[in-house]
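Notes for the structure review
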Amino acid sequence: MEKGKILLALTGIHPQRWHELLSAEREVVLEPNGANDPSITYAVVWKQKPNLLKSLPNLRAIFSIGAGVDHVFADPGLPDVPIAKIVADNLTQHMVEYVVWRVLDHHRQASLYRGQQQKKIWHEPPQRVAGDISVGIMGLGSLGRAAASALLSLGFAVNGWSRSERPMQGVSTYCGEAGLIPFLNATDILVVLLPLTPQTRGIVNYGLLKELRRRNGLGGAVLINAGRGRLQKDADIVRALDDGTLKEASLDVFEVEPLPKTSPLWSHPKVFVTPHAAATSDPAHLVPIMLRQMAAFERGEKLENLVDREAGY
Ligand code: NDP
Ligand code: OXD
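Treat the numbers as computed from the prediction; the structure is a model and nothing was measured.

Scoring rules and cut-offs
Residues numbered from 1 in each chain as written. Chains lettered and ligands numbered in written order. Predicted model: local features only at pLDDT ≥ 70, side-chain atom pairs only at ≥ 80, totals over all residues. Heavy atoms only, no water. Near = heavy atom within 4 Å. Polar contact = N/O pair within 3.5 Å; in protein donor to acceptor, adjacent residues only side chain to side chain. Areas by Shrake-Rupley, 256 points an atom, 1.4 Å probe, with all protein chains shown as cover. Nonpolar A, V, L, I, M, F, W, Y, C, P; charged D, E, K, R; others polar. Pairing = 2+ DSSP bridges. Helix = DSSP H or I, 4+ residues; strand = E, 2+ residues; numbered from the N terminus. Axes fitted to C-alpha atoms, helices over the stretch in contact; angles between N-to-C directions. Contact = heavy atoms within 4.5 Å. Domains from an automatic or database assignment. Buried area = accessible area lost by both parts, 1.4 Å probe. Salt bridge = Lys/Arg side-chain N within 4 Å of Asp/Glu carboxyl O.

1. Thoughts on the site of ligand 2
In the region of ligand 2, the neighbouring residues are W46, G66, A67, G68, R228, H276 and A279. At a separation of 2.7 Å, an oxygen atom of ligand 2 approaches a polar backbone atom of A67. Considering ligand 2 on its own, with 210 Å² of exposed area, one finds that the protein chains cover 86% of that surface. A per-class count over the shell around ligand 2 returns three nonpolar, three polar and one charged.

Spelled out as structure tokens, the structure:
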């Protein structure tokens, strides 16, 4: 098979660096050019324009520049070709750092100290150790497992929830609908690393948050969401924070992004906001992986990290 040409179709992300790096090895067409072009065989995408890809008569594969692929499936005219998602050490490392940072921040009561510092209060509250806290990871995939390993090495008790059974040394694992409530009942700090699919949309709602354990010294349950915004109901999180169902939350993703200026989450004293920045896709690390995959595909090898269309991730 000859060296395929790439359509680069990114929305909301500056394409320049991706274009430079991909062009070092292959011909690249930058959207809005390229529609209907029979010489294009690959699409590298982030939130591609609806129905663009179906206009490419010889498209062989789609590469998401992110680990999540809900943005690819949002296209009503998605052609039936293989879709590869990103699994990369660099991205995983970013996510592990984010999860460890946010878990430690809540565990070590950073908001309390920040408040004390503002008022110049010298007071040491009781201190727990990591082993007193259980962190539950919803979505025990490539990012969830790496985060679980890092948390285990810090001494936290770790639970994991997935769609199918995913045993992991040192982690209490739960799966499917039947495992969800027992998983939540054993979890003090909930870390959401699920993909957005029809099954997971809106799953992080008030009812779910009510099930979290709050018999630890943390003084309440904590939510950390770095998966996708539409997994959660923003209004339910505000309600849960206001009535004490949740003690605090760290949110990297939101139902609407960028988070509207009118959202109460911006100024909520118990919320820590980051702008969908937990694990950035760095072209310097990800483009070589894509180019390697394309070359292997042309040698007749199978693409790696393929998305299961039926499951939606
Ligand atoms: P994976 O596909 O490797 O893992 C997904 C995990 O979620 C799997 O364990 C899967 O179960 C589980 N899961 C999926 N559907 C369900 C369900 N209905 N019920 C229970 N468990 C379910 O994904 P990654 O770890 O690579 O990435 C996870 C998500 O993180 C991405 O989809 C993306 O949305 C988000 N992300 C966010 C970033 C950010 O900057 N905020 C950066 C990168 C990713 P099973 O193991 O049984 O298949
Ligand atoms: C991703 C993301 O899915 O950055 O990789 O959100």
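2. Notes on the sheet that holds strand 7 (residues 157-162)
Note: strands within a sheet are paired through backbone hydrogen bonds, in either parallel or antiparallel orientation. Across the sheet, which stays open at both edges, the seven strands sit in the order 8-7-6-9-10-11-12 with parallel pairing between neighbours. Two strands in the sheet have a free side with no partner beyond their single neighbour: strand 8 (171-175) and strand 12 (271-273). If you compare each strand with its neighbour and ignore which way they point, the axes differ by 15 degrees on average. Set on the sheet, helix 5 (residues 142-153) makes contact with strand 6 (134-138), strand 7 and strand 8; between it and strand 6 the angle comes to about 170 degrees.

3. Notes on the environment of P76
By the secondary structure assignment, P76 is in the loop between helix 2 (70-73) and strand 5 (83-84). Along the backbone, P76 and Q169 are 93 residues apart, and their C-alpha atoms lie at a distance of 41 Å. Not counting residues within four places of it along the chain, the set of residues in contact with P76 comprises P50 and N51.

4. A word on the sheet that holds strand 3 (residues 40-46)
Spatially, 2-1-3-4-5 is the arrangement adopted by the five strands of the open sheet, whose pairing is parallel. Both outer strands of the open sheet, strand 2 (28-30) and strand 5, are each paired with one neighbouring strand and no more. Relative to strand 2, strand 1 (residues 5-10) is paired through three bridges, and the arrangement is parallel. Residue I6 lies in a different strand from strand 2, and its bridge partner there is V28. The strands touched by helix 1 (residues 16-23) within the sheet are strand 1, strand 2 and strand 3, with strand 1 carrying the most contacts at an inclination of about 170 degrees. Across the sheet, helix 9 (residues 283-298) touches strand 1, strand 3, strand 4 (61-64) and strand 5, and the angle it forms with strand 3 is around 150 degrees.

5. Structural notes on the domain arrangement of the protein
As far as domains go, the protein holds domain 1 (5-86 + 281-298) and domain 2 (89-273). With eight residues of domain 1 in contact, the opposing surface of domain 2 contributes five residues. Surface buried jointly by domain 1 and domain 2 totals about 580 Å² across both partners, of which 55% is contributed by carbon and sulfur atoms. Summed over the three residues of domain 1 that lose the most area to domain 2, namely A67, D70 and H285, the buried surface amounts to 56% of that side. The tally of links from domain 1 across to domain 2 stands at one salt bridge. Between R228 and D70 there is a salt bridge, with the nearest N and O atoms lying 2.9 Å from each other. Applying the counting criterion to the domain 1 and domain 2 interface returns two residue pairs in polar contact (both at pLDDT 80 or more). Grouping the constituent residues of the side of domain 1 that touches domain 2 by class yields three nonpolar, three polar and two charged.

6. Re the site of ligand 1
For ligand 1, the set of nearby residues contains 29 residues, the closest of which are K85, S164, R166, D252 and Y313. Separating a nitrogen atom of ligand 1 from a backbone N or O atom of R163 is a distance of 3.0 Å. Here ligand 1, which alone exposes 940 Å², has 93% of that area covered by the protein. Where the shell around ligand 1 is concerned, the elements lending two or more residues are helix 3 (89-107), helix 5 and strand 7. Structurally, the shell around ligand 1 is a two-domain feature, drawing no fewer than three residues from each of domain 1 (5-86 + 281-298) and domain 2 (89-273).

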